[in-house]
Amino acid sequence: DWRGRCAVVVGTRRIGRRIALRLASMGIDVGILYRSSRDEAESLSREIRQLGQRSIAVQSWLNSDTDVAAALETIEAGLRVSDLERQEICAAESC
């Protein structure tokens, strides 16, 4: 069961959009990273919230570790990621 989990999707067009909506339909909260398409990102985030899931769109330059780290912190705060979820994310990354 995926309900209550969270994911981060990069991009708001085509594949990124389809993935984000699919995750939301599975009960997963979705953070969206975008580079320049703010209107599309905000629209996608609203659509996800209409499906009953939490969502936040955050601008980030993926070629900057500092920007990505700050964006992920913003997403964690916006989605209210718990310490337990953060531990699960870290465990998954170490696999």
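Structure: see above.
Read on for an overview of the structure. Keep in mind that what you see is a predicted model, and the values were worked out from it rather than measured.

The rules behind each value
Residues numbered from 1 in each chain as written. Predicted model: local features only at pLDDT ≥ 70, side-chain atom pairs only at ≥ 80, totals over all residues. Heavy atoms only, no water. Core = buried A, V, L, I, M, F, W, Y, C linked by side-chain atoms within 4.5 Å. Buried < 20%, exposed > 50% of the residue type's maximum accessible area, 1.4 Å probe, protein only. Helix = DSSP H or I, 4+ residues; strand = E, 2+ residues; numbered from the N terminus. Contact = heavy atoms within 4.5 Å. Pairing = 2+ DSSP bridges. Axes fitted to C-alpha atoms, helices over the stretch in contact; angles between N-to-C directions. Right-handed = clockwise from strand over helix to strand, strands pointing away.

**Observations concerning the nonpolar core**
- One finds A20, L23, V30, I32, L44 and I48 to be the most contacted residues of the largest nonpolar core, which totals 14 residues.
- Contributing elements (two or more residues each) for this core: strand 1 (6-10), helix 1 (14-25), strand 2 (29-34) and helix 2 (38-50).
- At 4 residues, helix 1 tops the list of elements feeding residues into this core.
- Ignoring anything within four residues of it in the chain, the contact list for L44 reads T12, R17, A20, L21 and I32.
- If you look at the next biggest cluster of nonpolar residues, it comprises 7 residues, including L33, I56, V58 and L79.

**Quick notes on the sheet that holds strand 3 (residues 55-59)**
- A sheet is described by the order of its strands in space; here 3 strands give the open sequence 1-2-3, paired in parallel fashion. Two strands lie at the open edges of the sheet, namely strand 1 and strand 3, each paired on one side alone. Strand-to-strand twist in this sheet, taken as the mean axis angle between neighbours without regard to direction, amounts to 20 degrees.
- Direction of pairing for strand 2 relative to strand 3: parallel, over a ladder of 5 bridges. In the sheet register, V30 faces strand 3, and the bridge partner there is S55.

**As for the pairing of strand 1**
- By the alternation rule, side chains of strand 1 split into A7 and V9, which are all buried, and C6, V8 and V10, of which none is buried.
- Where strand 1 lies against strand 2, 5 bridges are found, and the strand directions are parallel. Each bridged residue has a counterpart across the sheet, and for A7 the counterpart in strand 2 is V30.

**Looking at the pairing of strand 2**
- Counting buried residues along strand 2, 6 of its 6 residues qualify, which places the element largely inside the surrounding structure.
- Here strand 2 shows a buried face lined by D29, G31 and L33 and a second buried face lined by V30, I32 and Y34.
- Handedness of the strand 1-helix 1-strand 2 crossover: right-handed.
- Tracing the backbone out of strand 2, into helix 2 and back to the parallel element strand 3 gives a crossover that is right-handed.

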